Amino acid sequence: MAGLAVNIDHIATLRQARGTTYPDPVAAALIAELAGADGIVAHLREDRRHIQDRDIRILRQVVQTRLILEMGATPEMLGIALDVKPDLVTLVPEKREELTTEGGLDLISHHEPVSEVVDNLKSAGIPVSIFIDPDIEQVKLAHRIDADMIEIHTGHFCDERSLAGKQKIYTDIVNAAKLASKLKLGVNAGHGICYTSIKAFAGLNEIDEFSIGHSIVARAAMVGMERAVKEMVDLIAAL
Ligand code: PXP
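Only a predicted model underlies this, so the values are computations on that prediction, with no experimental measurement involved.

A closer look at the state of the cysteines
Logical step 1: Scanning the model with the defined rule gives zero disulfides in all.
Logical step 2: Cys 158 provides the cysteine sulfur closest to Cys 194, a residue in no disulfide bond, and the two sulfurs are 6.5 Å apart.
Logical step 3: A relative accessible area of 28% places Cys 194 in the partly exposed class.

Here you go:
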């Protein structure tokens with residue numbers, strides 16, 4: 001059965017919207033764990049639009065499952081990761097003007113800086129995942145760069161409205177997951193997954209863990225964090 005890593009960035013978005021001290025993503029992480037999450041994900045962005053440095057440091061102390069730090073492959077973030085020592089780093093592309101992570105990290109154009117960051121993290125004993133589009137060339141490059149795992153970008157699949165378009169992207173996801181698994185890379189999947197779209201991944205046994213944030217936090221605003229996480233855990237268990 002695949003696991004669920006809960007991304008708590010948007011609890012922090014709500015806090016930053018008013019400059020208050022609440023809601024606290026640390027509290028949300030603890031509730032998510034009690035509700036069955038297998039890991040907690042937080043993206044420390046260069047512009048600190050949601051998660052703050054303080055959040056990462058407290059999360060490191062209190063998370064009982066696994067702390068997954070999402071970050072750009074920059075010297076600043078590398079320094080923080082080496083200091084905090086999360087259980088996994090997921091490298092993502094980052095643009096200041098984007099609403100959210102828009103695509104996978106292109107390992108053709110970013111080969112050098114990504115390789116360097118992967119080497120540094122792995123030398124410090126921190127496993128590394130790379131967030132990539134469902135593209136077999138990118139999977140091969142992630143393997144060559146010596147990443148431990150990939151996270152397949154599911155955002156375009158979830159957003160696509162046409163059936164033919166959805167089928168094409170789904171085939172790409174299946175091919176990427178199968179190749180990664182053959183190359184002994186761990187396989188995570190995430191972005192844009194909601195309580196409906198999760199069902200499309202039934203039977204795709206190569207996926208080790210789903211990384212889901214926005215839909216869970218949005219549901220938590222209505223029904224509470226514990227129930228929102230538990231409902232997603234149950235849907236994944238039924239895949
Ligand atoms: N995986 C990665 C690499 C991401 O950047 C994000 C968004 O921060 C997610 C998963 C979660 O996406 P969503 O919030 O759409 O569930």
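Moving on, there is more to tell.
So, the pattern of salt bridges
Logical step 1: A complete count under the given rule lists 17 salt bridges for this structure.
Logical step 2: A salt bridge links Arg 54 to Asp 55; its shortest N-O distance comes to 2.7 Å.
Logical step 3: Overall, Arg 54 belongs to the partly exposed group, its relative accessible area being 40%.
Logical step 4: Between Arg 66 and Glu 209 there is a salt bridge; the shortest N-O distance is 3.0 Å. One end of the pair, Arg 66, is in the loop between α3 (53-62) and β3 (67-71); the other, Glu 209, is in strand β8 (residues 209-212), with 143 residues separating them in the sequence.
Logical step 5: In this structure Arg 66 comes out as partly exposed when scored by relative accessible area, which is 28%.
Logical step 6: A network of salt bridges, in which partner residues are shared, links Arg 15, Asp 24, Arg 54 and Asp 55.

Procedures and definitions
- Residues numbered from 1 in each chain as written.
- Predicted model: local features only at pLDDT ≥ 70, side-chain atom pairs only at ≥ 80, totals over all residues.
- Heavy atoms only, no water.
- Disulfide = S-S within 2.5 Å.
- Buried < 20%, exposed > 50% of the residue type's maximum accessible area, 1.4 Å probe, protein only.
- Salt bridge = Lys/Arg side-chain N within 4 Å of Asp/Glu carboxyl O.
- Helix = DSSP H or I, 4+ residues; strand = E, 2+ residues; numbered from the N terminus.

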